[in-house]
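What follows is the residue order along each chain.
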Amino acid sequence: MTELIRLTAAELSSRLQAGTVSAVEATQAHLDQIVAVDTDLHAFLHVAADAALATAARIDARRAAGEKLGPLAGVPIAIKDVLTTLDMPTTAGSKILEGWVPPYDATVVARLRAADLIPLGKTNMDEFAMGSSTEHSAYGVTRNPWDRDRIPGGSGGGSAAAVASFQAPLALGSDTGGSIRQPAAVTGSVGVKPTYGAVSRYGAIALASSLDQVGPVSRTVFDAALLHDVIGGHDPLDSTSLTDAWPSMAAAATAGLADGALKGVRVGVIKELSGSGFQAGVTQRFTETLALLTAAGAEITEVSAPNFEYAVAAYYLILPAEASSNLARFDSVRFGIRVDPAEGSLTSEHVMAATREAGFGPEVKRRIILGTYALSTGYYDAYYGSAQKVRTLIQRDFAAAFEKVDILVSPSAPTTAFKFGEKLEDPMAMYRSDITTIPANLAGVPGMSIPIGLAPEDGLPVGLQIMAPARADARLYTYGAAIEQLLEATWGHTMLDQAPALALATTAKGAI
Amino acid sequence: MSAITAEQVAHLANLARIDLSPEEITNLTIDLGQIVDSVAKVQEVATADVPATSHPMPLTNVFREDVVVPSLSVEQALSGAPARAGDKFRVPAILDEE
């Protein structure tokens, strides 16, 4: 059974279609792995074992009856706890929503069910997706499968750790400033933030509505593409959802496997996302990857994006501003906990304030107060208004760059996985770990992270970020699949082939 | 320096409807001061000639057909409420007695 969990979603799908494996067997194998490793890793906040097996049995029965099922039918998937689910609690990593079972499915969850994927459970995250380490979850940290003393990234550390430790072949994430791509980078997995509006946000508990985007988490580019095809496309329930007709991302990924797929591709290296502040081993693997691209016929050019320097500052004004209004909905009336104040009168105002004191963690309070400040009279223009102008400047930087190149690349994160506690006492240090990923959210362009090796100094995964113009998500899958194939041919194995051994042995470190 | 004061933090917390302990106010005053100093650099490039962007992929006039579609039942809508009274949300008093 161990072998089943190592299959990619695409391989598992082939076996399910051929009838050599049943959905029940596949689901049980992943549930067994969750039992084996997740007490320690804590990627899941909730595991729906019985429901998953029942769903799998129904899918097997339909397949046996000759029904034609979709490409991912019977494939298990983990769901980030920011997405509402009818049959599972949804907390967004916060005490304020402890035990809440939503009365509706997020659109992406409904689409998973319609495509007959099997939800295994809900994954851990920084509270309301505020964080880069999953240390801000109210339910305890998730450990990095490569090194238990290190963070799995955030906010989607649970989803990334789940796929990297073979507890699920696929997961859903959400990315507001890097919460899919940075966890992918530090766990050696793949993560994609689609174009803003390409995937529905309906039922994604809102952090910052102009930045949030739901996307796939997986171990291969092709698997991410298969999942993107299931969840993507227009949703009338999300008024910011794009009405575009999208090409098949799976077909785009397949196109990247053809000989010469990288020949003549114009690749821009962003000058501002390199150099000081980047770990030596990260820079080394990134530079080696550029050399591989050159050898494969790609044209590498350095491009400058001078306003990226202001991206983190703009982001930490826009995000808290939007979050402070979005989180006003936690008012102790319609959902979540209610806490009465210890003293004073029991008015709505006092009960709300006492509930939010008890229900929100320190980072959530910090950002709500910061957002309230940025939006308050007398400061609005200087802070929030200025940040919105920076957003324009960053969009212009992207536009200028994409006039010269087809894709932009950078390291996905400035460092490999850091240790627990390392940045917890210094909010700005934590915020700066998103320096590479934030620009894409501010501009709405799609971004992907794929593994490109282990940093020599610590043996931990390094990610490559690929960005494309808005609406050109297919380009990420084509060139991402091409680069992944090139790297694996060089190594002679996949990056995560080494992860299970690492997950089970605390000290062994492989070298790539 | 932005010089955020403890009084300001207490006022902001009141606006945001979050009770804070004196210790939380002290810590947040320090944190906020550092963060605001750092993010204030946006002002260096945000000149008058640059238009603001509020949304990455601007859409206008997003309408739907004016037809009734299924929505939550009363039971579903109340299912997560911390307190209910019949078919309604039960809320604390709006006005203070004083």
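Residues numbered from 1 in each chain as written. Chains lettered and ligands numbered in written order. Predicted model: local features only at pLDDT ≥ 70, side-chain atom pairs only at ≥ 80, totals over all residues.

Asks: For this particular structure, what's the right way to read the overall build of chain A?
Replies: The number of helices and strands found in chain A is 18 helices and 11 strands. By the compact-globule yardstick of 24 Å for 512 residues, chain A fits well, its C-alpha radius of gyration being 22 Å. Counting only C-alpha atoms, chain A reaches 70 × 55 × 50 Å along its principal axes. Buried positions account for 63% of the 512 residues belonging to chain A. (Helix = DSSP H or I, 4+ residues; strand = E, 2+ residues; numbered from the N terminus. Rg over C-alpha atoms; globule rule 2.2 N^0.38 Å. Buried ≥ 20, exposed ≤ 12 C-beta atoms within 10 Å, placed from the backbone.)

Asks: Looking at this structure, how should I read the interface of chain A and chain B?
Replies: Quite often, the size of an interface is put as the accessible area lost when its parts meet. Taken together, the contact between chain A and chain B spans 58 residues of the former and 48 residues of the latter. Of all the secondary structure elements, the ones that give two or more residues to the side of chain A that touches chain B are α11 (311–326), α12 (348–359), α13 (362–375), α14 (381–404) and α15 (427–432) of chain A. In terms of residue count, the dominant contributor to the side of chain A that touches chain B is α14 of chain A (11 residues). Class assignment of the residues belonging to the side of chain A that touches chain B gives a composition of 31 nonpolar, 18 polar and nine charged. (Contact = placed C-beta atoms within 7 Å. Nonpolar A, V, L, I, M, F, W, Y, C, P; charged D, E, K, R; others polar.)

Asks: What exactly am I supposed to notice about the pairing of strand β10 (residues 447–454) of chain A here?
Replies: Within a regular strand, side chains alternate between the sheet's two faces. All names here are of chain A. Of all eight residues that make up β10, eight are buried, and the element is covered over most of its length. Pairing analysis gives three bridges linking strand β5 (residues 190–193) to β10, with the strands arranged antiparallel. What sits directly across from Gly191, in β10, is Ser449. Bridge analysis of β10 against strand β11 (residues 461–467) gives seven bridges, and the strand direction is antiparallel. Across the sheet, the residue bridging to Pro451 is Gly463, located in β11. Connecting β10 to the next strand, β11, in antiparallel fashion are six residues, including Gly459 with a positive phi near 65°. (Pairing = 2+ DSSP bridges.)

Asks: So what exactly am I meant to see when it comes to the pairing of strand β4 (residues 170–174) of chain A here?
Replies: All names here are of chain A. Most of β4 sits out of view: five of its five residues are buried. What you see with β4 is no split at all: Leu170, Leu172 and Ser174 on one side and Ala171 and Gly173 on the other are buried throughout. One ladder, built from three bridges, connects strand β2 (residues 76–80) with β4; its direction is parallel. Across the sheet, the residue bridging to Ala78 is Ala171, located in β4.

Asks: Could you clarify how one ought to interpret the sheet that holds strand β7 (residues 266–270) of chain A in this entry?
Replies: Neighbouring strands of a sheet are bound in pairs by backbone hydrogen bonds; such pairs are parallel or else antiparallel. Residue and element names in this part refer to chain A. Pairing within the open sheet is mixed, and its 11 strands lie in the order β1-β3-β2-β4-β6-β5-β10-β11-β9-β7-β8. Both outer strands of the open sheet, β1 (44–47) and β8 (299–303), are each paired with one neighbouring strand and no more. The average undirected angle you get between the axes of adjacent strands in this sheet is 30°. (Axes fitted to C-alpha atoms, helices over the stretch in contact; angles between N-to-C directions.)

Asks: Just checking my understanding: could you explain the packing of α11 of chain A against helix α2 (residues 22–39) of chain B for this structure?
Replies: A pair of packed helices is captured by two measures, namely the crossing angle of their axes and the spacing between those axes. In the contact formed by α11 of chain A and α2 of chain B, the axes pass within 8 Å of each other and the chain directions differ by 125°. Relative to α2 of chain B, α11 of chain A is oriented oblique. For the pair α11 of chain A and α2 of chain B, contact is made by Ala313, Tyr316 and Leu317 of chain A and by Ile35, Ser38 and Val39 of chain B, respectively. A per-class count over the contact of α11 of chain A with α2 of chain B returns five nonpolar, one polar and no charged. (Parallel < 35°, antiparallel > 145°, perpendicular 65-115°, else oblique.)

Asks: What is the right way to look at the UniProt feature "active site" (unreviewed entry) in chain A in this model?
Replies: Residue and element names in this part refer to chain A. Feature annotation in UniProt places "active site" (unreviewed entry) on Lys80, Ser155 and Ser179, given in this structure's numbering. These residues run over 100 residues, yet every pair of their C-alpha atoms falls within 10.8 Å of each other. Following the sequence through the fold, Lys80 ends up in strand β2. For Lys80, a count of 33 C-beta atoms within 10 Å translates into the label buried. If we skip the residues at most four places from it in the chain, Lys80 touches Thr123, Met125, Gly156, Gly158, Ser159, Ala171, Leu172, Gly173 and Ser174. With respect to the secondary-structure elements, Ser155 resides in the loop between β3 (118–123) and α6 (157–164). Not counting chain neighbours up to four residues away, the residues in contact with Ser155 comprise Met125, Asp126, Ala129, Met130, Gly131, Thr134 and Ser179. (UniProt positions renumbered as here; feature names shortened; annotations may be inferred.)

Asks: Looking at this structure, how should I read α6 of chain A?
Replies: Since there are 3.6 residues in each turn of an α-helix, residues three or four apart along the chain are aligned in direction. Judged by how many residues are buried, α6 of chain A sits mostly within the fold: eight of eight residues are covered. For α6 of chain A, the complete set of buried residues consists of Gly157, Gly158, Ser159, Ala160, Ala161, Ala162, Val163 and Ala164 of chain A.

Asks: Sorry if this is basic, but what is going on with unusual backbone geometry here?
Replies: What you tend to see is this: most non-glycine residues have negative phi, and most peptide bonds are trans. Residue and element names in this part refer to chain A. Looking along the chain, the bond that leaves Gly154 and enters Ser155 is cis, with omega of 5°. Positive phi, normally seen in glycine, also occurs at Ala129, with a value near 65°. In the Ramachandran plot, Ser332 falls in the positive-phi region, its phi being about 70° despite a non-glycine side chain. Position of Ser332 relative to the elements: it lies in the loop between α11 and α12.

Asks: Hey, could you run me through the UniProt feature "domain: Amidase" (unreviewed entry) in chain A in this one?
Replies: UniProt feature "domain: Amidase" (unreviewed entry): in the numbering of this structure it lies at residues 25–476 of chain A. Annotated as residues 25–476 of chain A, this span is 38% helix and 13% strand, and its ends, taken at the C-alpha atoms, are 33 Å apart.

Asks: Hey, could you run me through the confidence of the model for chain A in this one?
Replies: The predicted coordinates ought not to be read in detail in places where the model reports low pLDDT. Summarising the model, chain A shows a mean pLDDT of 95, and 97% of its residues fall at 70 or more. Here residues 502–512 of chain A is modelled with pLDDT under 50, and outside its nearest four sequence neighbours on either side it reaches 17 contacts, counting other chains as well. (pLDDT = per-residue confidence, 0-100.)

Asks: Help me understand α12 of chain A, please; the structure alone is not making it clear to me.
Replies: In a regular helix each residue adds 1.5 Å, so 12 residues correspond to 16 Å; α12 of chain A covers 16 Å between its end C-alpha atoms and thus fits that length. Burial in α12 of chain A covers these residues: Val351, Met352, Ala353, Ala354, Thr355, Arg356 and Gly359 of chain A. (Expected span 1.5 Å × (residues − 1).)

Asks: Looking at this structure, I do not really get the environment of Asp397 of chain A. What am I missing?
Replies: Residues and elements named next belong to chain A. Residue position: Asp397 is located in helix α14. Residue Asp397 is classed as buried on the basis of its C-beta count, with 21 C-beta atoms lying within 10 Å. Note: C-alpha distance between Asp397 and Asn307 (90 residues apart in sequence) is 6.9 Å. Leave out the neighbours within four places in its chain, and Asp397 touches Ala305, Pro306, Asn307 and Phe308.

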